[in-house]
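The chain contents come next:
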Amino acid sequence: MVNLAYHKAFPVYQIVLMNLLDFPTGVIAELEALRRDIHAHPELGYEEHRTSDLVAAKLIEWGIPVTRELGGTGVVGVIVGTGGGGKTIGLRADMDALPMQEQNTFAHASKHAGRMHACGHDGHTTMLLGAARWLSQHRNFPGKVVVIFQPAEESAGGARRMIEDGLLLQFPLDAVFAMHNWPMHEVGRFGVRAGPMMAASNSFRVTIKGRGSHAAQPQRSVDPVMTAVQIAQSWQTIVSRNINPGKSAVLSITQIHAGSAVNVIPDEAVLIGTVRNFDTDVLDMIEKRMREIAEHTAAAFNATVDFRFLRSYPAVVNHESETAFAVNVLESIVGKENVNANMEPTMGAEDFAFYLEQVPGCYVFIANGRDEHRDDLGSLGPCSLHHPRYDFNDALLPIGVTYFVRLAEEFLRK
Ligand code: NI
């Protein structure tokens, strides 16, 4: 069916012809209310108790059996088609919010000081709920759909914990899909690429141990501050001198801590930061070079180092054939011209990478518009993700639900 997608958030000049599901009256308004309710009650990673209860209650109301407590607050629902047998597809949404103060003043702004849905996970959860409802009411496919509502995407690796708790053993998947809302692009557009799409996220904490002294008697010290500065400078040659120019990486030192007084050379200095890139071999090399430079530079100044490097999230690497399939589904909904199937990779990170390490699948970006849905926009202009004025655009709900539903139906039927 071909619908004219109309929503109050579309400016008149942007009526987009989309092949959306034929939603019964009231369904989208219900989803919108649900999304705003979740937005108003944000919860941090592993504390998504209210959200988890809400998701489980809705799934049960729609006749979908749920499994809880994987990853703490995670919720998994299984929708069995009427066609018997068949494959199993996983669809995943994240539920957590961020520890920041919302500055929006609209009615559905956060009711909790210091917590906010500034990354649109309220929308992800709602789109997957909408799809679960539709799929449960239709079930016109063979096989099974596993809907995965995941905690703690933002920093604590909820995906890894759900997998460690047995998610993929209990619910073996043939493929897995997810999406993230993406600001600054017109509603109705999607972005994706096969291969590396989002970077691996890693952090380091390097402590340089010297010997403190009176600042007026530097000859008695092993100055960790000067050593830290030398190390910080030299690390900047790794990306420019050691990496193949055809590859990319970011090495950002984001904190330098040392000392507490004007006239004291401290004992220690600490360098903290992040490394982002797409290839494991390049990452191995960066970690090795950082360690060598730190240890040898420290040795040259008679200091020592405690070198800690933590690999947090691997890169999101989309699988070729699942990406081609997802692109086909997207093109059938919004048209070829609205799907950028070769988008530039981003240095942002995403724990969906853990699923893609074990199950073929694809992660896509769904454009959130240019903030035309915000009536209090004023002179602020469009917001980025993690901005204190960010809000998921409800105009995406029918589009995202349609994408999830078509993915499932077509994957299971092919
Ligand atoms: Ni996010």
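My aim in this report is to walk through the structure given alongside it, one point at a time. These numbers were taken from a predicted model, which means no experiment stands behind them.

What follows covers the coordination of the nickel ion. Those donors, Cys119 (SG), His121 (NE2) and His180 (NE2), are the protein atoms that reach the nickel ion, and they lie 2.1 to 2.2 Å from it. Sequence spacing of the donor residues for the nickel ion, all on one chain, is C-x1-H-x58-H. An identical accessibility class is assigned to Cys119 and His121; each is buried.

The subject of this paragraph is the layout of surface pockets. As a volume, the largest pocket reaches approximately 440 Å³. In this structure, the largest pocket is lined by 19 residues; those nearest its centre are Glu154, Arg276, Gly348, Ala349 and His386. Of all the secondary-structure elements, those providing two or more residues to the lining of the largest pocket are strand S7 (175–182), strand S15 (304–313) and strand S18 (361–367). Across the lining of the largest pocket, the residue classes tally to 8 nonpolar, 7 polar and 4 charged. Of the domains in this structure, domain 1 (2–199 + 315–413) and domain 2 (200–313) are the two that each give at least three residues to the lining of the largest pocket.

Another point: the packing of aromatic side chains. The geometry of two aromatic rings is summed up by the distance between their centres and the angle between their planes. Applying the stated criterion to the full structure yields 13 aromatic pairs. Pairing Phe190 with Tyr403 gives two aromatic rings, centres 5.8 Å apart and planes at 50 degrees, and the pair type is tilted. In this pair, Phe190 sits in strand S8 (residues 190–191) while Tyr403 sits in helix H10 (residues 397–413), placing the two residues 213 residues apart along the sequence. On the accessibility criterion, Phe190 (4% relative accessible area) is buried. Look at Phe307 and Phe309: their rings are 6.4 Å apart centre to centre, the planes differ by 5 degrees, and that puts the pair in the stacked class. Pair check on accessibility: Phe307 and Phe309 agree, each one buried. By the ring-pair criterion, three or more aromatic residues cluster together here, those being Trp182, Phe352, Tyr355, Tyr363 and Phe365. One Lys or Arg, Lys87, reaches over the ring of Phe411 and ends 4.2 Å from the middle of that ring. Seen from the ring of Phe325, Lys414 lies directly overhead, with NZ or CZ sitting 4.3 Å from the centre.

With that settled, the discussion passes to the sheet that holds S8. Here we have 8 strands laid out as an open sheet, ordered S3-S4-S6-S5-S7-S18-S8-S17, and mixed in their pairing. Each end of this open sheet is capped by a strand with a single partner; those strands are strand S3 (66–68) and strand S17 (339–340). Alignment of strand S5 (residues 88–94) against S7, held across 4 bridges, turns out to be parallel. Its bridge partner being in S7, Arg92 is matched across the sheet by Ala178. Contacts between helix H2 (residues 49–61) and the sheet are confined to S3, strand S4 (75–80) and strand S6 (144–150), with S3 contributing the most and set at about 160 degrees to the helix. On the sheet, helix H8 (residues 320–334) packs against S7, S8, S17 and S18 and is oriented at approximately 30 degrees with respect to S18.

Below, the discussion takes up the state of the cysteines. Applying the stated criterion across every chain yields a total of 0 disulfides. Cys362 carries a free sulfur, and the closest cysteine sulfur to it, the one in Cys119, is 18 Å from it. Left unpaired, Cys383 is separated from the closest cysteine sulfur, that of Cys119, by 13 Å. On the basis of relative accessible area, Cys383 is assigned to the buried category, the value being 1%.

Counting residues in hydrophobic clusters, the biggest one holds 89 residues, and the most contacted among them are Leu91, Val145, Phe149, Phe177 and Tyr403. Counting residues per element, this core draws most heavily on H10, at 10 residues. With residues up to four places along the chain from it excluded, the contact list for Val145 reads Gly77, Val78, Ile79, Ile89, Leu91, Leu135, Ala408 and Leu412. Residues Ile208, Ala232, Trp235 and Ala294 belong to the second largest nonpolar core, which totals 25 residues.

All right, on to the side chain of Glu350 then. Position of Glu350 among the secondary structure elements: in the loop between S17 and helix H9 (353–356). Of the residues examined, Glu350 reaches a relative accessible area of 1% and is grouped as buried. At 2.7 Å, the side chain of Glu350 forms a polar contact with the side chain of Arg92. One polar contact links the side chain of Glu350 to the main-chain amide nitrogen of Phe352, over a distance of 3.0 Å.

On to the pattern of salt bridges, then. Inspection of every chain in the model, using the stated rule, returns 21 salt bridges. Arg50 is the salt-bridge partner of Asp37, the closest N and O atoms lying 3.1 Å from each other. Of this pair, Asp37 sits in helix H1 (residues 27–40) while Arg50 sits in helix H2; the two residues are 13 residues apart in sequence, bridging distant segments of the chain. One salt bridge in this structure joins Lys58 and Glu61, with 3.6 Å as the shortest N-O distance. Of this pair, Lys58 and Glu61 both sit in helix H2, 3 residues apart, which is roughly one turn of that helix. Here Glu61 falls in the exposed class, since its relative accessible area comes to 55%. Within this structure, Glu32, Arg35, Arg36, Asp122, Asp391 and Asp394 form a network of salt bridges that share partners.

Here is what the cut-offs are and how they apply
The numbers attached to residues start from 1 for each chain and follow its sequence in the written order. Residue-level local features of this predicted model are given only where pLDDT is at least 70; pairs of side-chain atoms are given and counted only at 80 or more, and the full residue set underlies all totals for whole chains, interfaces and linings. Calculated side-chain values reflect all of the structure's heavy atoms, with hydrogen atoms and water omitted. Sites may look incomplete, because water is not among the atoms used; the donor set itself consists of N, O and S atoms within 2.8 Å of the metal (3.2 Å for Na, K and Ca). When accessible area is computed with a 1.4 Å probe and restricted to protein chains, residues below 20% of their type maximum are described as buried, those above 50% as exposed, and intermediate ones as partly exposed. Grid spacing is 1 Å over the protein atoms alone, the probe is 1.4 Å, and a cavity is where that probe fits but cannot get out, while a pocket is an open set with protein on both sides within 12 Å along at least five of seven lines and lining residues have an atom within 4 Å of a point. Grid points are joined across faces, edges and corners, and a volume is the space filled by probe spheres set on the points. Put simply, DSSP marks the helices as runs of H or I at least four residues long and the strands as runs of E at least two long, and each gets a number from the N terminus on. Here the term charged refers only to Asp, Glu, Lys and Arg, the term nonpolar to Ala, Val, Leu, Ile, Met, Phe, Trp, Tyr, Cys and Pro, and the term polar to all other amino acids, Gly among them. Throughout the structure description, domain borders are defined by an automatic or database domain assignment. When the centres of two rings from Phe, Tyr and Trp lie within 6.5 Å, Trp using its six-membered ring, the rings pair. Their planes under 30 degrees apart give stacked, over 60 give edge-to-face, and anything left gives tilted. We call a charge positioned above a ring when the Lys NZ or Arg CZ atom is no farther than 6 Å from the ring centre and deviates by at most 35 degrees from the ring normal. Think of it this way: DSSP has to see at least two bridges between two strands before they count as a pair. Note on contacts: a residue pair qualifies if any of its non-hydrogen atoms lie within 4.5 Å across the two residues. Note on geometry: axes are C-alpha line fits, over the in-contact stretch for helices, and angles between N-to-C directions span 0 to 180 degrees. Any two cysteine sulfur atoms within 2.5 Å of one another count as a disulfide. What we call a nonpolar core is a set of buried Ala, Val, Leu, Ile, Met, Phe, Trp, Tyr and Cys residues that are connected through their side-chain atoms within 4.5 Å. What qualifies as a polar contact is a pair of N or O atoms within 3.5 Å, subject to a donor-acceptor requirement within protein and to the restriction that residues adjacent in sequence count only when both atoms come from side chains. Salt bridges are defined by distance alone: a side-chain nitrogen of Lys or Arg within 4 Å of a carboxyl oxygen of Asp or Glu.

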